[in-house]
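Architecture and fold: a report
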Amino acid sequence: MKKKSPAIDDLLKVMARLRSPKGCPWDREQNHKSLRWHAVEEVYELMDAIEASDDYEMVEELGDLLLQVVFHCQLARERGAFNFEKVARHITDKLVRRHPHVFGKLKVKDVDEVWANWERIKHAEKHGTRHARPSALDGIPKHLPALLRAEKLMKKARRAKLLGDRPRKNGLNRPQLGKKLFELAVSAQAKGWSAEDILHAEIQSRERTLRKRERLKPS
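Remember, it's a predicted structure, so these values are computed and weren't measured experimentally.

1. Notes on the packing of aromatic side chains
A full pass over the atoms with the stated rule returns one aromatic pair. When the ring centre of Trp115 is taken as reference, the NZ or CZ atom of Arg159 above it lies at 4.1 Å.

The following block contains the structure:
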């Protein structure tokens with residue numbers, strides 16, 4: 001009985017076939033930019049499957065997300081830029097490099113120290129390149145939803161000790177806070193405003209303040 005080839009090899013061959021002159025017209029007309037929101041949609045569908053604890057759907061959605069990776073790798077291979085092997089090797093090497101407490105001899109005492117080491121190694125990797133991140137606030141994706149972007153910004157600012165005093169407690173519990181957030185969104189919509197746009201503008205203002213504070217912070 002003939003041994004089956006690894007599934008990932010089959011997937012790469014299928015993708016190459018779809019992109020070939022005798023492949024699928026839709027697949028052949030795609031490019032990196034036309035596909036970019038497909039990946040976002042697949043991530044949200046995967047989140048739905050995870051929250052539903054639906055293993056069958058997780059298999060489906062993880063496959064769809066993997067297809068996006070393979071699709072972009074095929075497009076890049078056609079351009080002579082990179083391929084799936086390079087992407088997989090890059091992430092494997094990065095994981096080993098950024099976990100010296102697992103693959104090396106470094107000792108850590110808690111998760112905070114793991115994060116500190118991760119950021120230090122990442123900073124060193126990108127230093128002196130066009131991808132350098134001189135600010136502790138760099139590296140937040142521009143297209144994140146506003147509320148998630150605000151959370152990421154505050155988390156980075158807190159780790160960099162840029163927030164100063166702890167915020168005062170507002171006395172709201174989780175359900176009450178959720179209700180308040182929803183009411184604020186409804187209030188904005190009633191006035192013809194976008195709560196998403198309003199929060200994005202506020203984030204930009206807060207980020208400018210935090211970056212200024214970072215520049216003035218004693219080294």
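Additional details are given in the paragraphs that follow.
2. So, the pattern of salt bridges
Summed over all chains, the structure comprises nine salt bridges. One salt bridge connects Arg19 with Glu78, and the closest N-O pair in it is separated by 2.5 Å. Here Arg19, found in helix H1 (residues 7-19), pairs with Glu78, found in helix H4 (residues 55-79); they are 59 residues apart in sequence, far enough to count as distant. Taking relative accessible area as the criterion, Glu78 reaches 40% and is therefore assigned partly exposed. With a shortest N-O distance of 3.4 Å, Glu119 and Lys122 are connected by a salt bridge. Note that Glu119 and Lys122 are positioned in helix H7 (residues 111-126) at a spacing of three residues, about one turn of the helix. Taken together, the shared-partner salt bridges connect Asp138, Arg149, Glu207 and Arg211 into one network.

3. What about the state of the cysteines?
Counted under the stated rule, the structure contains zero disulfides. No disulfide involves Cys24; its sulfur sits 19 Å from that of Cys73, the nearest cysteine. According to the relative accessible area criterion, Cys73 is buried, its value standing at 5%.

4. Quick look at the packing of helix H3 (residues 32-51) against H4
Running from N to C, H3 and H4 cross one another at 160°; their axes reach a closest spacing of 8 Å. Judged by the inter-axis angle, H3 sits roughly antiparallel to H4. Relative to H4, the crossing made by H3 is left-handed. Here H3 contributes His32, Leu35, His38, Ala39, Glu42, Val43, Glu45, Leu46, Ala49 and Ile50 to the contact with H4, which in turn contributes Glu57, Met58, Glu61, Leu62, Asp64, Leu65, Gln68, Phe71, His72, Leu75, Ala76 and Arg79. Partitioning the contact of H3 with H4 into residue classes produces twelve nonpolar, four polar and six charged.

Definitions and limits used
- Residues numbered from 1 in each chain as written.
- Predicted model: local features only at pLDDT ≥ 70, side-chain atom pairs only at ≥ 80, totals over all residues.
- Heavy atoms only, no water.
- Phe/Tyr/Trp six-rings, centres within 6.5 Å; stacked < 30°, edge-to-face > 60°.
- Lys NZ or Arg CZ within 6 Å of the ring centre and 35° of its normal.
- Salt bridge = Lys/Arg side-chain N within 4 Å of Asp/Glu carboxyl O.
- Helix = DSSP H or I, 4+ residues; strand = E, 2+ residues; numbered from the N terminus.
- Buried < 20%, exposed > 50% of the residue type's maximum accessible area, 1.4 Å probe, protein only.
- Disulfide = S-S within 2.5 Å.
- Axes fitted to C-alpha atoms, helices over the stretch in contact; angles between N-to-C directions.
- Parallel < 35°, antiparallel > 145°, perpendicular 65-115°, else oblique.
- Left-handed = near helix turned anticlockwise from the far one by under 90°.
- Contact = heavy atoms within 4.5 Å.
- Nonpolar A, V, L, I, M, F, W, Y, C, P; charged D, E, K, R; others polar.

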